Amino acid sequence: MSPREKGIDIQEPVSTKDVESSSKDENEERGNWSSKWDYFLSLAGFAIGIGNVWRFPYLCYRNGGGAFLIPYLIMLFLVGIPLFFLESALGQFSSSGCLSLYSVCPLFKGTGYASLIVTLIASTYYSVVVAYPIVFFFHSLQSELPWESCGNPWNTANCTTTQLMLEASQNNITDRANFVSASDEFFHNYILEISPSITHMDGLVWPIVGATAFVWIFCFLCIFKGVKIVGKVVWFTTTFPFVMLFILFIRGVTLPGAWTGIEFYIYPKWEKLATLKVWADAAVQIFFSLGPGFGSIITMGSYNKYRNNSLKDAILVPVLNCATSIFAGFVVFSVLGFMAHRTGTTVDKVTSAGPALAFITYPEALSLMPMAPLWSALFFAMLFFLGIDSVFVQIESMVVSITDEFPQLRPKRGWVTFFACVVMFLASLFCCTRGGMYVLQLLDWYSASQTIIIACLCEIIVFGFIYGTGRVVRDLQVMMRLQLPWPWYAAWVAITPALLLFIFINVLASNTSVSYRGQVFPDWIQGIGWCTAASSMSAIPIYMMYYIISNNRGSIYKCLKGGLCATEDWGPALEHHKKEWLKICTITKATQPTHRLMYP
């Protein structure tokens, strides 16, 4: 029964204690966002990344064009927004990171550690991906792009340019198997200096090392003082990519052949909707695009003031994320249509996804434009700022979770941040070698996907079933002083858990051996990949065993019973908010969640 039904007015005027000056932190110990816009832009910067440009457009084209938007938007409202709201609101309610959050159910605290380990691994290799645009940006600052032509020291006899491909098409030369584009050779032979296989690391590539060091220095300077600096930096790093996307869109749609590419992108193939894989791809894309399970959404929410209406943000940011993905598709396919027009081929022949799109196909298309270096520099600057937000928000999440768990480290937050950045930079050097792209692909394939889904499932189990969806709804209504409609209850207790299981089963069923450029990695390398996945997943059962062993003062049953109920630390962080919450818990006849008491 809701607080309103019990006779409690949850929309009563906010007391003077709750009215805080916008320039003053409500939680002086942890700090708060300087403004609501700082929080919104930080969340948007985290959720909107390079994947919106290099993955979604190809996925949309492959899965039915405009028809794909139907399952995509359905999954947004059934999976994406419920998880996003749950994490951001719980972080705000408890003012805690992804470790301290599990004071609500200590037995599952390993879920927070699993999220931290995934963040550590993912941020390490993703920082190198963000470094690639920096290298490309500096190579764009010249009168002629170096990937426009062959005849360079890094080119091979198989190198071909767009003009040569056009001539081959006009002369009906169909045997192009040995042709390698100039942009492909520039990326692999010059930027990466790529080795023959993953078993050949063959030393560091120093330009990539330098660019990666810049990424980590940038991240450190953005977050070492906390959200006050982050909240100011994101005003530029989040908005700049949108400006660049719009400029590139205007340029793209004015090119010859652009509308052919756009039609190829959005033309609906309704028959695709009868395919289960299309719905699975939509669910997986929404899930990994918004980023639940990493702990970052929880951390960003924890810096909100207690009365903030987090429901609005939890709807606006995912919708903005999806709108950006769809808009990015127009930017990408307008240029690919132009490229197909110039090379005398069809759009499907020039379409690609992932790093190949961002660092080979799109740069090749840019080289065909008038004033190519300018458009190239703008594109790679956009990619850098799309990626860098995600990195420093994830590191902020990790640092905050550590300092929340060990409050004695808060005065030394700068040193904790410095140590974390140095350790992850050193770890990223494995991806800066000549075999680094293979390592990057291996980590990206195995390290995060399964663990993040499991972390979200555990999150739903804890708050949907152990603590209880009814209590979650009650707590959020007390916090925000507004009534949550019944669909939220239905989502958290039934719909979202079922779809998470669907996503997990699909990810496992579609899992194949990782490869790069047609080269399947050896079995023992695949085994290392599974070990990286296990390193994070195992944190959940390992912590459960640790908790049982360290707290087993009686029967295992009593220990488990204690581990499934909240500690005295659970609840709002500030005393006057906690008193109000406990009073309403008592009035609604909900058992006060204290240590060693099971919920009824």
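Looking at an unreviewed UniProt entry, one finds the chain named Transporter, with Meganyctiphanes norvegica as its source organism. Within the UniProt record for the chain, the comment given under Sequence similarities (unreviewed entry) is "Belongs to the sodium:neurotransmitter symporter (SNF) (TC 2.A.22) family." Here is the UniProt Subcellular location (unreviewed entry) comment for the chain, exactly as written: "Membrane".

Draft legend 1. How the structure looks around the UniProt feature "binding site: Na(+)" (unreviewed entry) in the chain. UniProt marks Gly 45, Ala 47, Asn 52, Ser 289, Asn 321, Leu 386, Asp 389 and Ser 390 with the feature "binding site: Na(+)" (unreviewed entry), using the numbering shown here. The greatest C-alpha distance among the residues just named is 13.7 Å, despite their covering 346 residues of sequence, which places them together in space. Along the polypeptide, Ala 47 turns up in helix α1 (residues 36-47). In this structure Ala 47 comes out as buried when scored by relative accessible area, which is 2%. In this structure, Asp 389 sits in helix α17 (residues 372-405). Excluding residues that lie within four positions of it along the chain, Asp 389 makes contacts with Gly 45, Phe 46, Val 234, Thr 237 and Thr 238.

Draft legend 2. Representation of the packing of aromatic side chains. Evaluated as defined, the whole model comprises 56 aromatic pairs. Their ring planes at 75° and their centres at 5.7 Å tell us that Tyr 467 and Trp 570 sit as a pair that is edge-to-face. Remark: Trp 570 occurs in the loop between α25 (556-563) and α26 (575-587) and Tyr 467 occurs in the loop between α20 (449-466) and α21 (469-480); sequence separation between them is 103 residues. For Tyr 467, a relative accessible area of 1% gives the class buried. Given a relative accessible area of 1%, Trp 570 falls into the buried group. Every member of this aromatic cluster is reached through a ring pair, and the members are Trp 54, Tyr 132, Phe 136, Trp 147, Trp 154, Phe 186, Phe 187, Tyr 190, Phe 359, Tyr 362, Phe 379 and Phe 380. A cation over a ring is seen here: Arg 30 above Tyr 303, with NZ or CZ 4.8 Å from the ring centre.

Draft legend 3. Geometry of unusual backbone geometry. Of note, Glu 193 is a non-glycine position whose phi angle comes to about 50°, a positive value. Owing to a relative accessible area of 28%, Glu 193 belongs among the partly exposed residues under this scheme. A positive phi angle, near 55°, is found at Arg 517, a position not held by glycine. Structurally, Arg 517 is set in the loop between β3 (515-516) and β4 (519-520).

Draft legend 4. Focus on a nonpolar patch on the surface. A cluster of nonpolar side chains, namely Ile 70, Ile 74, Leu 78, Trp 270 and Ile 495, defines an oily patch on the protein surface of about 420 Å² accessible area. Its location among the elements puts Leu 78 in helix α4 (residues 69-94).

Draft legend 5. Molecular detail of the nonpolar core. Residues Phe 85, Phe 187, Phe 392, Leu 476 and Trp 570 are the most contacted members of the largest nonpolar core, which totals 191 residues. Counting residues per element, this core draws most heavily on α17, at 18 residues.

Draft legend 6. Representation of the state of the cysteines within the structure. Tallying each qualifying case throughout the model produces 1 disulfide. Left unpaired, Cys 60 is separated from the closest cysteine sulfur, that of Cys 322, by 11 Å. For Cys 60, a relative accessible area of 2% gives the class buried. Looking at the unpaired Cys 565, the closest cysteine sulfur is the one in Cys 105, lying at 8.2 Å. By relative accessible area, Cys 565 is classed as buried at 0%.

Draft legend 7. Region of interest: the side chain of Glu 87. With respect to the helices and strands, Glu 87 occurs in helix α4. Of the side chains bearing the opposite charge, Arg 30 lies closest to the buried Glu 87, which forms no salt bridge; the N-O distance is 14 Å. Residues contacting Glu 87, with those up to four places away along its chain left out, are Pro 292, Gly 293, Ile 297, Ile 298, Cys 456 and Glu 459.

Draft legend 8. Summary view of helix α22 (residues 486-509). A rise of 1.5 Å per residue sets the reference length of α22, with its 24 residues, at 34 Å; its end C-alpha atoms lie 33 Å apart and thus fit the reference within 8%. Trp 492 marks the point of greatest bend in α22, at about 50°. For α22, every residue scored as buried is listed here: Trp 488, Ala 490, Ala 491, Trp 492, Thr 496, Pro 497, Leu 499, Leu 500, Ile 503, Phe 504, Asn 506 and Val 507.

Draft legend 9. Structural context of the pattern of salt bridges. Under the defined criterion, the tally for this structure stands at 13 salt bridges. When the shortest N-O distance is used, the salt bridge between Glu 405 and Lys 109 registers 2.2 Å. With a gap of 296 residues between them, Glu 405 in helix α17 and Lys 109 in the loop between α4 and α5 (110-139) connect regions that are remote in the sequence. Between Glu 193 and Arg 434 there is a salt bridge, with the nearest N and O atoms lying 2.8 Å from each other. Of the two residues, Glu 193 sits in the loop between α7 (182-191) and α8 (206-223) while Arg 434 sits in the loop between α18 (413-428) and α19 (436-446), which places them 241 residues apart along the sequence. When salt bridges that share partners are traced, they join Arg 30, Asp 404 and Arg 410 into one network.

Reading guide: rules and limits
Note that residues are indexed from 1 along each chain, following the sequence as it is written. Note on the predicted model: pLDDT of at least 70 is required for a residue's local features to be given, and 80 or more for side-chain atom pairs to be given and counted; whole-chain, interface and lining totals, by contrast, use all residues. Each side-chain value is derived from all of the structure's non-hydrogen atoms; neither hydrogens nor water enter the calculation. UniProt positions are given in the numbering used here, feature names are shortened, and annotations may be inferred rather than shown by experiment. The helix count covers DSSP runs of H or I at least four residues long, the strand count covers runs of E at least two residues long, and both are numbered beginning at the N terminus. Each residue gets one of three labels from its accessible area relative to the maximum for its type: buried under 20%, exposed over 50%, partly exposed in between, using a 1.4 Å probe on protein chains only. Any pair of residues with heavy atoms lying within 4.5 Å of one another is described as a contacting pair. When the centres of two rings from Phe, Tyr and Trp lie within 6.5 Å, Trp using its six-membered ring, the rings pair. Their planes under 30 degrees apart give stacked, over 60 give edge-to-face, and anything left gives tilted. Any Lys NZ or Arg CZ that is within 6 Å of a ring centre and within 35 degrees of that ring's normal is treated as a charge sitting over the ring. Each patch is built from residues that are more than 30% exposed by relative accessible area and take part in no salt bridge. Like charges join if they lie within 9 Å; nonpolar side chains (Val, Leu, Ile, Met, Phe, Trp, Tyr) join within 5 Å. Surface accessibility in these figures is a Shrake-Rupley result with a 1.4 Å probe; residues are shielded only by whichever protein chains are displayed. Basic side-chain nitrogens of Lys or Arg form a salt bridge, by our definition, when they fall within 4 Å of a carboxyl oxygen of Asp or Glu. Take the buried residues of types Ala, Val, Leu, Ile, Met, Phe, Trp, Tyr and Cys, join any two whose side-chain atoms come within 4.5 Å, and each joined set is a nonpolar core. Count a disulfide wherever a pair of cysteine sulfur atoms falls within 2.5 Å. Only four residue types enter the charge count: Lys and Arg as positive, Asp and Glu as negative, with His and the chain ends excluded. Given a helix with a known number of residues, its expected span is that number minus one, times 1.5 Å. Each residue is assigned a bend, namely the angle between axes fitted to the seven residues that terminate at it and the seven residues that start at it.

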